[in-house]
Amino acid sequence: MIGVFDSGHGGLTILRALTERLPDRDFLYFGDHANAPYGDRTPAEVIALTRDAVAALFARGCRLVLLACNTAAAVALRTLQQDWLPMHAPDHRILGVLVPTVEGVTGEPWRMEDRTQTPREQATRRLIVFATRRTVASNAYPEEIHKRAPEINVIQHACTGLVQLIEAGASRAVLREAVRGHVSTLMSELNGHEPDAVMLGCTHYPLVADMFVDALPQGIEVVSQPDLVAASLSDYLRRRPDIDVPRKRGKVSFLTSGDAEEITPLASTFFGRDAAFQKI
Ligand code: DGL
């Protein structure tokens with residue numbers, strides 16, 4: 001069984017891609033709805049909450065936990081992997097969503113285009129990352145991208161308040177307005193220089209991906225983080241067959257620190273099928 005963690009609903013976008021890609025695997029999802037959003041918390045708080053969530057998933061039989069939360073992955077992953085895991089669960093593993101995403105956006109297709117100097121080569125120069133305030137402040141995306149592709153101009157924009165609206169089940173009209181506001185602020189900062197690709201660096205944002213696409217100028221590629229993460233996890237599991245033995249059941253269970261009854265209807269909409277949460 002593979003553990004999947006997010007501060008709330010956002011990780012469901014990743015879980016959905018994982019269950020499609022790995023239908024034989026069992027997954028246990030934990031949304032820390034009681035403490036969401038993480039995006040405005042201090043790094044120490046994000047680390048402590050993420051550590052407790054991972055420990056809870058380990059205690060329930062997951063040997064591998066995926067932090068399906070950019071904020072947790074950007075702020076807590078390295079600390080947990082280096083300082084906590086070796087002491088507390090050396091035979092367990094924690095992975096994040098950041099590196100697979102960065103590998104995806106800086107990977108073979110873009111590099112090949114660099115070599116062939118096609119018009120598309122120009123189109124990969126300016127990358128926008130929309131994320132939470134904490135992920136932006138961590139600078140993790142520009143750092144990881146520049147390690148692999150220093151030529152890419154990464155521009156970050158914090159969509160403050162958007163996660164709160166999604167978690168609260170705001171109407172499509174309210175969400176659309178909020179997304180439009182963030183995109184237009186960014187576009188005016190860009191001074192007419194259109195981005196070439198956009199990455200939604202928060203797992204909540206794919207829930208409103210269509211609104212980003214509508215608000216952005218036409219023809220800009222919006223990178224799909226869930227697909228990149230699912231492909232990367234599938235590859236990891238192929239290389240580490242010991243870490244999770246598929247039981248060929250495809251069982252998916254849902255835990256929350258919040259109010260399970262309140263969360264279940266909205267979460268099921270986001271997940272695209274029944275997501276019956278239980279309180280942890
Ligand atoms: N969905 C998470 C992320 O990817 C966390 C958002 C939040 O809790 O602020 O960043």
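Residues numbered from 1 in each chain as written. Predicted model: local features only at pLDDT ≥ 70, side-chain atom pairs only at ≥ 80, totals over all residues. Heavy atoms only, no water.

Caption draft 1: Geometry of helix H3 (residues 70-88). The end-to-end C-alpha distance of H3 is 23 Å, clearly below the 27 Å that 19 residues give at a rise of 1.5 Å each. At Ala76, H3 is bent by approximately 55°, the largest bend along its length. Where H3 is concerned, the buried positions are Asn70, Thr71, Ala72, Ala73, Val75, Ala76, Leu77, Leu80, Trp84 and Leu85. (Helix = DSSP H or I, 4+ residues; strand = E, 2+ residues; numbered from the N terminus. Expected span 1.5 Å × (residues − 1). Bend = angle between axes of the 7 residues up to and from the residue. Buried < 20%, exposed > 50% of the residue type's maximum accessible area, 1.4 Å probe, protein only.)

Caption draft 2: A look at the pattern of salt bridges. Under the criterion given, the structure shown has 15 salt bridges. Put simply, Asp244 and Arg25 hold a salt bridge, and the shortest N to O gap is 2.9 Å. Taken as a pair, Asp244 in the loop between helix H12 (225-239) and strand S9 (252-256) and Arg25 in the loop between helix H1 (11-21) and strand S2 (27-31) lie far apart in primary sequence, 219 residues in all. Judged by its relative accessible area of 3%, Asp244 is buried. By relative accessible area, which is 12% here, Arg25 ends up buried. Residue Arg238 is joined to Asp235 by a salt bridge in which the shortest nitrogen-to-oxygen separation is 3.3 Å. Linking Arg238 with Asp235, this pair stays in helix H12, spanning 3 residues, or about one helical turn. (Salt bridge = Lys/Arg side-chain N within 4 Å of Asp/Glu carboxyl O.)

Caption draft 3: Structural view of the nonpolar core. Of all hydrophobic cores here, the largest spans 78 residues; its most connected members are Phe130, Leu162 and Phe212. Of all the elements, H3 adds the most residues to this core, at 8 residues. What Leu162 contacts, discounting residues up to four positions off in sequence, is Leu175, Ala178, Val179, Tyr205, Val208 and Phe212. Core analysis: the next-biggest nonpolar cluster, separate from the first, contains 16 residues, Val105, Val129, Ala131 and Ile145 among them. (Core = buried A, V, L, I, M, F, W, Y, C linked by side-chain atoms within 4.5 Å. Contact = heavy atoms within 4.5 Å.)

Caption draft 4: Fine view of the site of the ligand. In the vicinity of the ligand, 13 residues are found, and the nearest of them are Ser7, Tyr38, Gly39, Thr71 and His204. In this structure, an oxygen atom belonging to the ligand sits 2.6 Å away from a main-chain N or O atom of Tyr38. For the ligand, an oxygen atom lies 2.7 Å from a polar atom in the backbone of Gly39. In a pocket analysis with a 2 Å cut-off to the grid points, the ligand is assigned to the second largest cavity. (Near = heavy atom within 4 Å. Polar contact = N/O pair within 3.5 Å; in protein donor to acceptor, adjacent residues only side chain to side chain. 1 Å grid on protein atoms, 1.4 Å probe; cavity = no way out; pocket = protein on both sides within 12 Å on 5 of 7 lines; lining within 4 Å. Sits in = over half its atoms within 2 Å of the grid points.)

Caption draft 5: Expanded view of the environment of Gly3. Tracing the backbone shows Gly3 in strand S1 (residues 2-6). For the pair Gly3 and Arg63, spaced 60 residues apart in sequence, the C-alpha separation works out to 7.8 Å. In this structure Gly3 touches Leu28, Leu57, Cys62, Leu64, Val65 and Leu66, once residues within four positions along its chain are discounted.

Caption draft 6: Quick look at the sheet that holds strand S5 (residues 126-131). In spatial order, the strands read S6-S5-S7-S8; together these 4 strands make up an open sheet with parallel pairing. Pairing within the sheet leaves two strands with one partner each, and these edge strands are strand S6 (153-158) and strand S8 (221-223). In this sheet, neighbouring strand axes are inclined to one another by 25° on average, regardless of whether the strands run parallel or antiparallel. Against the sheet, helix H8 (residues 140-148) touches S5, S6 and strand S7 (197-200), its axis set at about 165° to S6. (Pairing = 2+ DSSP bridges. Axes fitted to C-alpha atoms, helices over the stretch in contact; angles between N-to-C directions.)

Caption draft 7: Molecular detail of the side chain of Thr256. Position of Thr256 among the secondary structure elements: in strand S9. Assessed through its relative accessible area of 0%, Thr256 is described here as buried. At 3.2 Å, the side chain of Thr256 and the backbone oxygen of Gly31 are in polar contact. The residues contacting Thr256, other than those within four sequence positions of it, are Phe30, Gly31, His33, Ile263, Phe277, Gln278, Lys279 and Ile280.

Caption draft 8: A look at unusual backbone geometry. Look at the link from Ala36 to Pro37: it is a cis peptide, with omega at -5°. The phi angle at Asn139 is positive, at roughly 65°, despite the residue not being glycine. As for its position among the elements, Asn139 is in the loop between helix H7 (133-138) and H8. In this structure Asn139 comes out as partly exposed when scored by relative accessible area, which is 32%.

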